[in-house]
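Each chain, written out:
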Amino acid sequence: MSDAAVPAVPPTPPVPLAALLAREDLGLRQIAGPTGGGTVIHGAHTSELSDPYPYLLGGELLLTAGVHIPEAATGADTPGAAGSGAYFDAYVSRIVAAGGAALGFGLAPVHDTVPTALVAACDTHGLPLVEVPPRTTFSGVARAVWQLMARARHTELRRVTEAQQSLAAAASRPDPVHAVLRQLARRVEGRAVLYGPEGTAVATFGRIPERAEPAATDRDPAETVARALAALAAVVHPVAARGAGNCATSHDAPAAAPAQQPPELSPRTPTPTPTPTPTSATDTIAGTHLTAHALGSPPRFALAVATPHRDPGTHTITSVAAVLLSLLTGEQQSGTGAARGSALVRLLLGAAPQDVAPLLGGAEAWLVVHARPTDDASSPDPLMAGALGAALGSALVDAHGDVVRVLVPAGREVTAQPGWTCGVSAPAGPQAWPSADAQAARALARARATRTALVRHGSRTALADLVPARDAAAHARTLLAPLAGSPALVETLRTWLSLHGSWDRTAVALAVHRNTVRQRVGRCAALLGADLDDPDVRMELWFALRQE
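So, here is what we can say about the structure in this document. These numbers come from a predicted model, not from an experiment.

Cut-offs and rules
- Residues numbered from 1 in each chain as written.
- Predicted model: local features only at pLDDT ≥ 70, side-chain atom pairs only at ≥ 80, totals over all residues.
- Heavy atoms only, no water.
- Pairing = 2+ DSSP bridges.
- Helix = DSSP H or I, 4+ residues; strand = E, 2+ residues; numbered from the N terminus.
- Axes fitted to C-alpha atoms, helices over the stretch in contact; angles between N-to-C directions.
- Contact = heavy atoms within 4.5 Å.
- Buried < 20%, exposed > 50% of the residue type's maximum accessible area, 1.4 Å probe, protein only.
- Salt bridge = Lys/Arg side-chain N within 4 Å of Asp/Glu carboxyl O.
- Parallel < 35°, antiparallel > 145°, perpendicular 65-115°, else oblique.
- Left-handed = near helix turned anticlockwise from the far one by under 90°.
- Nonpolar A, V, L, I, M, F, W, Y, C, P; charged D, E, K, R; others polar.
- Phe/Tyr/Trp six-rings, centres within 6.5 Å; stacked < 30°, edge-to-face > 60°.
- Lys NZ or Arg CZ within 6 Å of the ring centre and 35° of its normal.
- Expected span 1.5 Å × (residues − 1).
- Polar contact = N/O pair within 3.5 Å; in protein donor to acceptor, adjacent residues only side chain to side chain.

1. Structural notes on the sheet that holds strand 6 (residues 102-106)
Point 1. The strand order across the open sheet formed by five strands is 2-7-6-5-4, and the pairing between neighbours is mixed. The open sheet has two edge strands with one neighbour each: strand 2 (29-32) and strand 4 (43-46). Adjacent strand axes in the sheet meet at a mean angle of 30° when their direction is disregarded.
Point 2. Two elements, strand 4 and strand 5 (residues 60-64), share four bridges in a ladder whose sense is parallel. Across the sheet, the residue bridging to Gly43 is Glu60, located in strand 5.

Pasting the structure below:
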C-alpha cells in the first residue's frame, strides 16, 4: 500500500450537534437551520468579527454575542424600519463559505433575543442556529464540546484497538484470509469482498448495509451497491485493460495511403504517457460508502468494502485489513514466481529434479509436508493452502483434494500449525523427493489416527541404521515377497504395525472400515505364514517395511 499508509491513531472524530443539544446543563436550543442528525462539529470558536471567514478552519461551532451587529441591521426586526437583512445574509454566507458547521448566538448582555433577520438568513443558507441562554457561558459550551470530543475519541480508539487485535488474531488462524475478511465485515458493519488476479470475487463476507437508499434505477439497492463495489475494485485492479496494448485504430477518417506522403512528413501520434493505477479508491452510492484497495503488485488481489459510515476509525480498520491481506496473498520472496515457472518448464522438458532444485532456493535437502484441516469440514482452497505455506516459510505449495503438500527447505523448522494436522518427511535431496512424499503421507496418516498435530518420519536413529542399506533392502524384498503383488496389503500392514495393532485407528488412517482392516491383516498373516501376534515377527516385519 504505497500511498495509503495506515494511520497509527485515527483523527479525533467530530461531535454530533445533537449530542451537544442533549446536554441539559447547557440549555441550548436550535431555532433555525436543518434539524437532521447529520450536522457534526469539530470544535468551538468565539468571534465578534463581522467577517470571521479568515479565522475559521471549517467544522466549527461559531459562538457570538452579536457585538459586531450594527444598529442599522437590527432595524430589520422592526416592521417598516429602514434596516434590512442584507448584513445578516452576508454574515451567514461567509460562515457557510468558510465551512462553519453551526452558529451559536448568546443572549444578554447585548441582545435579549436572537435577531429575526439572523434566523431567516440561517434558514436560507442552511446553517444550524443555536440559542445560548444567559446562564451558559461560551467557555462552558467550548468545554462541553471538548469533553464530548474526548469521549468520542476514547470510544473510537477503543473500537480501532479492538478491531486491530481481532484482525491480527484472525491472521494467525488456519484460514487467515477468510478469517480476516469475516472479521473486517463484522467490525465495519458492512460487506468485504476479495477479488482475485482475474478480477472475479473469490471471497465475500458480510451484507450490504441496510441503510442503503433506493438508487435512481429500478434495480434492487443491494444489487446496485454490489455492482458498484465490483466496478470500484476494477479501478484499482484494472484486469480488463491488461494486454490491450496500443492497437486501437480510429474509424472516423480513412488513413492516408503510404505512397501519398513521405514517411518523414507523416504525422506521428505521440505515445501516450501511461496513467498510473491508483492503489485505493472511494465512492458513495445508494447511501453506502465504498472503498477499494489494491493488494500487492500485479497480478494482484483487490479488497473492496461497503460500509454504512465513512469515518476515520472505519478507514483505519479497513487499511489495517488491507495491509494484512497484502501480506497473506502476496509472494513470499521477490522473484519466486519466475523461478518456479522456470523450474516447471525445465521439468516438463525433461530436466532432472536435482538440476531444477537450485531454482527453488538452493537448499540441498528438503522436507515434504502433508497437511489436512483438523476439523475435516471442507477441502482446503488455494487461499488456505497459500496461508499454510506462508506460515511454514515456503511458497512451494500444492493443494490437491483434501491434502495440502508443501516443499520446505530442511534448514527451516516445521512446527505444528493451529487448525492443521501435519505429517513431515525426513530430509531428502531432490532425487529422493518421491520417497519423501510417501513418508510425509504415512506420517500424516499416523498423525490423524493418533490425533496428533504433527508427526515426523524418522525423527531418531533406529536399529535399521546399523545394517547396510543394500543388505537391509535385500532382506526386505525376500521377507515381503508374498505381498509384492498387493500394495493395499503392504500399506495396511505397515499402518497397522505403526499403530500397535489398533483396528480402529488403522481404519481411520486408511479411511476404510475396520472389518476391511481385519480382513487385510488376516490375509497378510496367511500369505506370510507368520503369527502377527508374535512381537518378534512384528519387529522383523516392521524392519522390512521401513526399507520400502
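Now that the structure is up, let's keep going.
2. Quick notes on the sheet that holds strand 16 (residues 420-424)
Point 1. The sheet built from five strands is open, its strands ordered 14-15-13-16-17 with mixed pairing. Edge strands, defined here as strands with exactly one partner in the open sheet, are strand 14 (397-400) and strand 17 (454-456). Shown here is a sheet whose adjacent strand axes are inclined to one another by a mean of 15°, direction ignored.
Point 2. Strand direction decides the pairing type here: strand 14 and strand 15 (residues 403-409), joined by four bridges, are antiparallel. If you follow Val397 over to strand 15, its bridge partner there is Val406.
Point 3. With respect to the sheet, helix 11 (residues 382-392) is in contact with strand 13 (366-373), strand 14, strand 15 and strand 16, its orientation differing from that of strand 15 by roughly 25°.

3. Details of the pairing of strand 15
Point 1. In terms of burial, strand 15 is largely enclosed, as five of its seven residues are buried.
Point 2. Pairing analysis gives six bridges linking strand 13 to strand 15, with the strands arranged antiparallel. Opposite His370, over in strand 15, you have Arg405 as the bridge partner.
Point 3. Counting the residues that bridge the hairpin from strand 14 to strand 15 gives two residues, and of these Gly401 lies at a positive phi of roughly 65°.

4. Examining the pattern of salt bridges
Point 1. One pass over the full model with this rule turns up twelve salt bridges.
Point 2. The partner of Asp25 in a salt bridge is Arg23, with the nearest N and O atoms 3.0 Å apart.
Point 3. Arg405 is the salt-bridge partner of Asp437, the closest N and O atoms lying 3.2 Å from each other. With Asp437 in helix 12 (residues 433-450) and Arg405 in strand 15, this residue pair connects regions lying 32 residues apart in the sequence.
Point 4. The exposure class assigned to Asp437 is partly exposed, which follows from its relative accessible area of 23%.
Point 5. Where salt bridges share partners, they join Glu156, Arg159 and Asp311 into one cluster.

5. Some points on the packing of helix 5 (residues 138-171) against helix 8 (residues 312-329)
Point 1. In the contact formed by helix 5 and helix 8, the axes pass within 9 Å of each other and the chain directions differ by 15°. Compared by their axis directions, helix 5 and helix 8 come out roughly parallel. Like other packed secondary-structure pairs, helix 5 and helix 8 cross with a definite hand, here right-handed. Contact residues: helix 5 offers Glu156, Arg159, Val160, Ala163, Gln164, Leu167, Ala168 and Ala171, while helix 8 offers Pro312, Gly313, Thr314, Thr316, Ile317, Val320, Ala321, Leu324 and Leu328.
Point 2. For the contact of helix 5 with helix 8, a count of residues per class yields eleven nonpolar, four polar and two charged.

6. Here we look at the packing of aromatic side chains
Point 1. All told, the structure shown has four aromatic pairs when counted by the stated rule.
Point 2. Both rings, one in Tyr87 and one in Tyr91, keep their centres 6.3 Å apart while their planes meet at 5°; by these two values the pair is stacked. Remark: Tyr91 and Tyr87 occur in helix 3 (residues 86-97); sequence separation between them is four residues, near one turn of the helix.
Point 3. Classification of Tyr87 by relative accessible area gives partly exposed; the value is 21%.
Point 4. Ring geometry for Trp366 and Trp433: centres 6.0 Å apart, planes at 90°, overall edge-to-face. Placement of Trp366 in strand 13 and of Trp433 in helix 12 is noted, with a sequence separation of 67 residues between them.
Point 5. For Trp366, a relative accessible area of 1% puts it in the buried group.
Point 6. A connected cluster of aromatic rings, assembled from ring pairs, spans Tyr87, Phe88 and Tyr91.
Point 7. The lysine or arginine in question, Arg94, covers the ring of Tyr53, its NZ or CZ lying 4.1 Å from the ring centre.

7. Description of helix 7 (residues 221-236)
Point 1. Taking 1.5 Å as the rise per residue, helix 7 with 16 residues should run 22 Å; its terminal C-alpha atoms sit 23 Å apart, in good agreement.
Point 2. Looking only at helix 7, the buried set comprises Thr224, Val225, Ala228, Leu229, Leu232, Ala233 and Val236.
Point 3. Contacts made by the buried residues of helix 7 are with strand 8 (191-195), strand 10 (280-285), strand 11 (288-295) and strand 12 (301-307).

8. Focus: the side chain of His111
Point 1. For His111, the position within the fold is in the loop between strand 6 and helix 4 (116-125).
Point 2. What makes His111 buried here is its relative accessible area of 13%.
Point 3. A distance of 3.1 Å separates a polar atom in the side chain of His111 from the backbone oxygen of Gly66.
Point 4. Other than its neighbours up to four places away in sequence, His111 contacts Ala65, Gly66, Ile69, Thr74, Phe105 and Gly106.

9. Looking at the packing of helix 14 (residues 487-498) against helix 17 (residues 535-545)
For any two helices packed against each other, the geometry comes down to the angle between their axes and how far apart the axes lie.
Point 1. At their nearest, the axes of helix 14 and helix 17 sit 10 Å apart, and the two run at 120° to each other. The angle between helix 14 and helix 17 places the two elements in the oblique class. Handedness of the crossing formed by helix 14 with helix 17: left-handed. Counted together, Val490, Leu493, Arg494, Trp496, Leu497 and Ser498 of helix 14 and Arg538, Leu541, Trp542 and Leu545 of helix 17 form the full contact between these two elements.

10. Brief notes about the environment of Leu229
Point 1. The topology assignment puts Leu229 in helix 7.
Point 2. Under the relative-accessibility criterion, Leu229 is labelled buried at 1%.

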